[in-house]
Structures are given as structure tokens and as C-alpha cells.
Amino acid sequence: MSKQNPTIMVVEDETLLLQAITKKIKISGMDVLSCSSGQQAIDYLNSIDELPDAVWLDYYLKDMNGLDFMQQLKENPKWEHIPVLVVSNSASPEKVNTMLGLGAKKYILKAEHRLDEILTIIREFINDTDPEQKKQ
Amino acid sequence: MGLLQSIQSIFTPSNDLEKVFFGKTPSTSVAVEKIFTHLQSLVNKPELCEEFIDKYQHLSLLDPQKREIPVIKLYKNFEFFIIKNKPPNITKEYTSATLRQEIASVVPLNELSDFFRVIFIPDREKSTALFVIGLEFINQISGAILGQKQLHSLIDQAAQGTIFVDLQADGQTIVMPPAINEKTKTMPVREVKSQYNKFYETLHQGLITSLGEEKAAEPFISFNILAQQIYAYDITEYLLDILPKEALDGQKLEFFDRQELERIVHEKTAQLDLVKNQLEQQLTQFQEQNQALEDTKKSMLNVLEDVEEEKNNAQLAKAKDDAILSSIGEALFVVDLIGNIELVNPVAQELLEIHEKDALGKLVTNVLKFKNEDGSPIPQENQPILTTLNTGGQINQTMLYTKKNDKKLTVNIITSPIKQNDKVIGALGIIRDITKEKEIDRMKTEFISLASHQLRTPLSAIRWFTEMLLGGDGGELNNEQKEFAKNISDSTQRMIQLVNSLLNISRMESGRILVDPRPTDLKELVQGVVTDLKAKIEDRKQNLLISVHDDLPKINLDPRLIRQVYLNLLTNAIKYTPKEGEITVFISKKDGDIITQISDNGYGIPRDQKDKIFQKFFRATNIIKVETDGTGLGLYLIKAIVESSKGKIWFESEEGKGTTFWFTLPLSGMEAKKGEVTLDE
């Protein structure tokens, strides 16, 4: 069960932010899959055996937006149960509702939270997720 | 056009003048030509009588029937000119009598019309001639209403007891038998006039019985007006003696006024002559002549053109007003009391793509169809121009106008009443195309929004790296390093707040904000805010008292917006009240409003800055010293929120003693509004 540390996939195209998030996750004792583009994240998911326990998704990516990414994730039955946290610099009700409607767990604004607060939120996701589903 | 009017417009030759002249035989062209050629020959300086000759030339081209009356009038003016001038301007000095005599000797009088001939016949015969013309007026005007038969029976009655017992009044005209002419030749002039007058008086009474006073007087008034227009004073005097007094009641007054006027003109002219004579003795011959010319010409023009000049002045003034309105660079329209369009200036025609001919006289709301700024229709009675007509107040409103090609214009309309003696007699609207301004405003808002959102990415980086630095994730820091990193962290927090505030302001200003009212428990909402602020309050050891009206119903409010108001006012109260201060919140119900009162015993607002407190980026001088942190945007934002919720916000404050803010929200709740954005995105 507690085989190893949980793994978090971070999709963020801003190098500095990706660097900060990656570092913090590692320091917090979790594993991290850093992706600087949406396509890179999809490729990773396709190629690895062990799926991440959660995804940190930046809404605005250079190659696609959060909507496209979520759709691809939800289309694949193997991936659809991975909890997703959307972190964006803009949160119009439209965007928020669409992303939550597509199955994102939470939508938060960039710069409004400390890193450790966000990691706490992600940990809760992982703990809440049904272990049965996780095994699939 | 009635006969009266056609007589009054006598100076303008028109078809109606034929009626005045009753189809009688006009003067021959030869005779008229002779008269004017003779008059011209009496003037030594042709340029002095140029006007008369021009006019004559113009009239001579007209049909003899049409020109007759204007020609007689022209003669009157020319005659007046001759008798008012002296050599060397004219060949010799004339009186009207000597002049007429001279003309009678060179022109065959039987070639002149009855109307024209009167002027030149011996005085003794003038009464008779005028009497006959008067009969013609009665025959034409009253005969047309009564019928010839009844009129002639009235004439027969009037003739009883006068020398006209054998007046022949049958057929279409009334004929004076030669016997009467014979009789009058031997009677004293006064007696003749009295006989004519007696006849007319009786006839007038008869006409009153059949037609009533107004109609009965018409032939006499018409004749009198015409005579005053075309005859010199000495001739109209005859008429006054024979026409029935009662019929001319109002007219007589005018007649005497004119008599007085002419006397004054005579006197003034005489005075001018005197002055002129004195000058002549002192000045050289050349100057004398010049002066005489000028004086004479001026006085002549004054006498003849006064009335026309007045008319021209009035027309000029109106034309000028019209020109000013038309030339105004703003689009403008004017409506009358009931809302019909009276004027649409060229700028408005171009802007709104309408043609004057499609607009004038039509109800304004049928021509200019304005909608609300959001495109929703406005009921007719709420159209600003009609509201202004009804209330007399000025309205300034932004509206939408759709052009023919479906292109939409955002316009600002200011409507103002047009008042006369405090009564609204119409309204005018000024329309300004603000489509571009709105577009620029939208772009500005969009720019701020975009820029602010983009700022969040680098701010996150600073915030998170500082967080890790302070958390020791990059190795333990010494105290000074910690202090520096803490400063960076605080500043970053401020910057984040500033970005949020700017975004909120731009959302409020753009009007794109979404209002999503739902039943809200205000007590719960306030307690939620207080929970968020608890740490700060405890940190400052302040006392917070909250009192909420017991049975406050749930109100339809957008909790995100109203939360912002409470959060802001409470944060201010905490920040700007010293440690261990008192903060109270009262929420009560009064009439149709919920009133919230938030008081503190803090630093207060300086008296001289009270009017600036709701301005963007304003912070009072006393609190900047105490608390550097703050954007100056909070109160500006919440005022916008409260007012857009149809509430009010105000405050009282004394420096050093504390501040109380109040704001109201209608119990009926906020109106839902579709929008693109919310606060805190």
C-alpha cells in the first residue's frame, strides 16, 4: 500500500514557477513529474507504467489550454480518476465551472496561496481518492 | 386668400389683386407711361428717383389688371417725393395740387381707371367718385354673401330720403344716373358729403341686420385700407367723411394714427429743410448740394421703407438663428410641445442617417429610435426627450442607436426644455457619438485586466521562492537574511493585493461585473468575515461587538460583492484603530432598507480630506504615517458596489475620536445582472 512516496505531475510552462513547485514537492517528501508543456505531460502519461497520484495543472499553457488537457485526460479511462488541481492566473466563473464540470477537483488562483497550502490541498486529494480506483 | 389679406399684401403683385380691382377697366399703358415719364422729367438728378423708375419698369411688364393697384401706390410715393424736394433736385417746387393739375393737363383722364382717376379730378368730384368705388366694394363683397337681389333691396331702402332715390340698382353693377351727377354739381360740397354719408349709414345698418356687425363692416374696412395704401392723405380724408362711422370704429383709430404720423413726418421734414437751408448759407455750393441729396434721400427712404425694414430685420434675425442652429458642430434636434420634430440640424442628419424631409413634423419617437445602452428597448414614455417635455427637467443619458446598415452607435443624449415665460414650449436634444470613447474605455479596461492577470505569474514566483527561502528550504538563514526575505515577502503581498484591487476596479468600471443575487443571511456573512479577520483582531487586542436585528430575513444579495463591503470596512476599522480599541457592527432594518453601521474609536479622518475619501488611490495623511500598507482603492470599490446595489454609503468622523460608516441595502435585494466577470478572479 504505502509502497513509495506519492507522485505529483506538475504541468506548468513558466520555467521559474515549475522550478519552485518541483523543488517544494521534493522537499515535502513527494515525487514529482515536471512537464513544461501539455503535450509533454500527455506523452509521459502514455509512456509510464505508474500513473501520478495527482496533477497540478496550469490553465494557460503554450501549446494547449487546461480545457484541452482535461478533455484528453478524461477521454482515457486509465487516467480519468487522477485528481486534478487547476492553478491559474485568471478565474472567470465560466472557466472555473467548465473545469470543475470536466472533473477538476479544485480551481485556485495563482499568487493567492502559499506553496505549502497548495500542497496540503493536494495531499487531501490523494488521501480522499478511493484506494480501489487508485489500483486500477 | 381673403380680400382683406389681398389688400394688405398690396405691394406684392399677385393674382388676388385682380379681385381687388373687380375686373374693372384698367388704365391704358399709354396713359400710365405718360404719367411716369412726366414725373421722371421733373427730376433733375435721375439717380434720386431710380427706385421709382425701377419699380415702374417692373410693374409695366405685368398684366394691366394686376399692375393697376401697385401702379397707383407707386404714383402716391413718387408724388410725395416730388413735393418734398426742391430745385435743383427737381425742376420747380410743387404742391400735390399743382402737380396733379399739371398731370391732368398732359394725360387724358378718361384713359385712367376709376381708381386712378380720382386723384386727378377736381376736388368737388372726388367725393362722388369715391362714393361710386365704395358702392363697387359693397356690391362685390356683401353682394357675394347676400345675393344681388337682397343687396339691391337694401340699397333701395338706404336711398329713400336721399338724393339717390333714383339710383339704379339692378344687374351686376350699380349705376349712378347722370341726373345725380347733375344734382351734386349745384350742391355745396359739405351737403354732398352728408348725403353720401347718410346713404352709407342707412345701408350699413341694413347690412348689420342681415349679416351681423363683422360682415357688414367688411366692404367699408376693405375700401378704407385700400384707400390708405394707394391714396395720399388729402384724398382719404374725403372717404372718412362719407363712410359709416361705426363700421370704421377700429380702423378710424388707425387712420388718425397715420394722420398723426404723417404730420410728424411733415414736421420733421420741415425741420430738416430748415437745417438744410442754414447749412446752405454756410457751405460751398458743392457741399450744399451733396448734403441736400443725402438728407432728402435718407428721409425718403425712412418714410417709405420703415415698415419693410422692420420686416426684413425680423426675417434676418430668424434666418440668423436658423443658421446658428444649423451650423452647430454637435448633432441637435428640436421638438415642439407635443414632441413633433421641428428641426434636425445637418450634423444630426448625418450622424443618425435620417433625412430632414422624413423627420420634420413627425413624432420624435417614431423617427429617432433609441434603446438602452445594453440594447433593451425603452418604453415610449421613458424616452428622455418626452420626459423632458413632461417634467421640464434636463436629462443626460447614454443610449444605443441603430443606423440603417445595422451599425450600432453608442450616444450620449442631453435633453433640455425650451421655456418661454416659465412654460415648456418644446425641447431640444444634443447627441454626441461616444462609440469610440466607449471602445477606448473598453480597451483600457481590457488592458488593465490582461496586464494584471499576467502580473500574477511573476508574483507567484517571487512569493513561492521567498516562502522557501524563509522556510529554510534553501538552507538556514541568519537573522538579517530572514528579515530581508520577510520584507520581500510583505512587499509581494502588497503587490498581490494591489493587482487584485486594480482588477476589481476595472471590472466595476467596465460594468461587466456579474451580479448573482441569492437569499443571503447577513449575520452569517458578517460572521464569516469576522472569522477571517480574527487573527488580526486578536493580534491588536481589539474589542469587536456585533449586533444584528433579530428577525432579519434572508435578502437577495450577491454574497461575493457584499462580503467585499463588510471585509473592507472592517479591515479599515481594524487597521486604523489603535491596539485595544473598540469596533462595533450594528445591522438594523428601517423602512425598506437594511442599514449597517460600522464604528471605531480610531484615528478618524481629517476634516479637510473628508470629501476625498471615496476617491481612487486616496489615503488620508494621518493614517499613511501610522499604516503604510494600503492601496487607497478599497472605499472607491465598495462605494461602487453599494451604489450599483441601489444602496447608499456615507460616514461621520472626527480626527482622533473615531469613524462611523453607514451603508444601506434595499430589503428588496439586488437586481440580477448578466456579466462576464466577478470579483476575485
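Residues numbered from 1 in each chain as written. Chains lettered and ligands numbered in written order. Predicted model: local features only at pLDDT ≥ 70, side-chain atom pairs only at ≥ 80, totals over all residues.

## A few points about the overall build of chain A
When helices and strands are tallied, chain A shows six helices and five strands. Starting at the N terminus, the α and β elements of chain A follow one another as β-α-β-α-β-α-β-α-β-α-α. Pairs at least 24 residues apart make up 63% of the contacts formed inside chain A by residues separated by at least 6 positions. (Helix = DSSP H or I, 4+ residues; strand = E, 2+ residues; numbered from the N terminus. Contact = placed C-beta atoms within 7 Å.)

## A closer look at the overall build of chain B
Regarding its fold elements, chain B presents 25 helices and 13 strands. Here chain B holds 681 residues, and the buried ones make up 29% of them. A separation threshold of at least 6 residues defines the contact pool for chain B, and within that pool the share at least 24 residues apart is 64%. (Buried ≥ 20, exposed ≤ 12 C-beta atoms within 10 Å, placed from the backbone.)

## Quick word on the environment of A:K26
Residues and elements named next belong to chain A. Along the polypeptide, K26 turns up in helix α1 (residues 15-27). We classify K26 as partly exposed; it has 14 C-beta atoms within 10 Å. Expressed as a C-alpha distance, the spacing of K26 and I8, which sit 18 residues apart in the sequence, is 9.8 Å.

## Concerning the sheet that holds strand β6 (residues 423-433) of chain B
What links the strands of a sheet is backbone hydrogen bonding, and the strands pair in either a parallel or an antiparallel sense. Residues and elements named next belong to chain B. Pairing is antiparallel across the open sheet formed by six strands, whose spatial order is β2-β1-β6-β5-β4-β3. Bordering the open sheet on either side are β2 (341-344) and β3 (370-372), each of which pairs with just one other strand. Here the strands of the sheet are splayed against their neighbours by 35° on average, with no regard to which way each runs. Pairing of β3 with strand β4 (residues 395-402) involves three bridges; the strand directions are antiparallel. Across the sheet, residue F370 finds its bridge partner in β4, namely Y401. Its contacts with the sheet put helix α19 (residues 384-391) on β1 (331-336), β4, β5 (408-420) and β6, and the angle it makes with β5 is roughly 15°. (Pairing = 2+ DSSP bridges. Axes fitted to C-alpha atoms, helices over the stretch in contact; angles between N-to-C directions.)

## Overview of helix α8 (residues 123-146) of chain B
Look at α8(B): 34 Å from first C-alpha to last across 24 residues, which is about the 34 Å you get at 1.5 Å a residue. Just beyond α8(B), the residue with positive phi is B:G147, at close to 95°. (Expected span 1.5 Å × (residues − 1).)

## Side note on the environment of B:T37
Take B:T37: it is sitting in helix α3 (residues 29-41). Counting along the chain gives 16 residues from B:T37 to B:I53, while the straight-line C-alpha distance between them is 9.1 Å.

## As for the confidence of the model for chain B
Residues and elements named next belong to chain B. With 86% of its residues at a pLDDT of at least 70, chain B reaches an overall mean of 83. A low-confidence stretch, residues 8-17 stays under pLDDT 50, and its non-local contacts, those more than four residues away or across chains, total 16 contacts. For this predicted complex, the interface score ipTM comes out at 0.87, alongside a pTM of 0.47. (pLDDT = per-residue confidence, 0-100.)

## Quick notes on the interface of chain A and chain B
At the interface, 16 residues of chain A touch 19 residues of chain B. Tallying contributions element by element places α1(A) first for the side of chain A that touches chain B, with six residues. Tallied by class, the residues present in the side of chain A that touches chain B amount to eight nonpolar, three polar and five charged. (Nonpolar A, V, L, I, M, F, W, Y, C, P; charged D, E, K, R; others polar.)

## Observations regarding the nonpolar core
Within the largest apolar cluster, 57 residues are counted, with the highest numbers of intra-cluster contacts made by B:L203 and B:I242. By size, the runner-up hydrophobic cluster in this structure holds 47 residues, among which are A:L17, A:I25, A:A91 and B:A461. (Core = buried A, V, L, I, M, F, W, Y, C linked by C-beta atoms within 7 Å.)

## Observations regarding the pairing of strand β1 (residues 7-11) of chain A
Residue and element names in this part refer to chain A. Counted residue by residue, β1 has four buried out of five residues, so it is predominantly covered. Taken together, the five bridges between β1 and strand β2 (residues 31-35) define a ladder with parallel strand orientation. Residue V11 lies in a different strand from β2, and its bridge partner there is C35. Taken together, β1, α1 and β2 constitute a β-α-β crossover, and its handedness is right-handed. (Right-handed = clockwise from strand over helix to strand, strands pointing away.)

## A closer look at the packing of helix α23 (residues 559-575) of chain B against helix α25 (residues 634-644) of chain B
Residue and element names in this part refer to chain B. α25 packs onto α23 with a crossing angle of 145° between their chain directions and a minimal axis gap of 9 Å. The chirality of how α23 crosses α25 is left-handed. Counting all contacts with α23, which are made through L561, Q564, V565, N568, L569 and N572, the residues of α25 involved are G634, I638, I641 and V642. Of the residues in the contact of α23 with α25, the class split is six nonpolar, four polar and no charged. (Left-handed = near helix turned anticlockwise from the far one by under 90°.)

## So, the packing of α8(B) against helix α9 (residues 148-159) of chain B
Each packed pair of helices is defined by two parameters, the angle between the axes and the distance between the axes. All names here are of chain B. Direction vectors running N to C along α8 and α9 enclose 120°, while the axes themselves pass 7 Å from each other. With respect to their mutual orientation, α8 and α9 come out oblique. Together, N139, S142, G143 and L146 of α8 and Q148, Q150 and L151 of α9 make up the contact between the two elements. For the contact of α8 with α9, the per-class residue count stands at two nonpolar, five polar and no charged. (Parallel < 35°, antiparallel > 145°, perpendicular 65-115°, else oblique.)

## A closer look at the sheet that holds strand β13 (residues 658-666) of chain B
All names here are of chain B. Within the open sheet, the five strands sit side by side as β8-β10-β11-β13-β12. Their pairing is mixed. Each of the sheet's edge strands pairs with one partner strand only, and the pair in question is β8 (543-548) and β12 (649-654). Adjacent strand axes in the sheet meet at a mean angle of 10°, parallel and antiparallel pairs treated alike. The strands touched by α23 are β10 (582-590), β11 (593-600) and β13; relative to β11, the strand with the most contacts, the crossing angle is about 20°.

## Re helix α12 (residues 213-230) of chain B
For α12(B), which comprises 18 residues, the first-to-last C-alpha distance of 26 Å matches the rise-based estimate of 26 Å (1.5 Å per residue) to within 8%. Along α12(B), the residues classified as buried are B:A216, B:A217, B:E218, B:P219, B:F220, B:I221, B:S222, B:F223, B:N224, B:L226, B:A227 and B:I230.

## Describing unusual backbone geometry
Leaving glycine out, the prevailing phi sign among residues is negative, and the prevailing peptide bond configuration is trans. The linkage connecting B:P87 with the following residue, B:P88, adopts the cis geometry, with an omega of 10°. A positive phi is found at A:A111, a non-glycine position, where the angle reads about 75°. Position of A:A111 relative to the elements: it lies in the loop between β5 (106-109) and α5 (115-128). Residue classification places A:A111 among the buried residues on the basis of 23 C-beta atoms within 10 Å. In this structure, B:K541 takes a positive phi of about 55° despite not being glycine. The exposure class of B:K541 is exposed, given the 10 C-beta atoms found within 10 Å.

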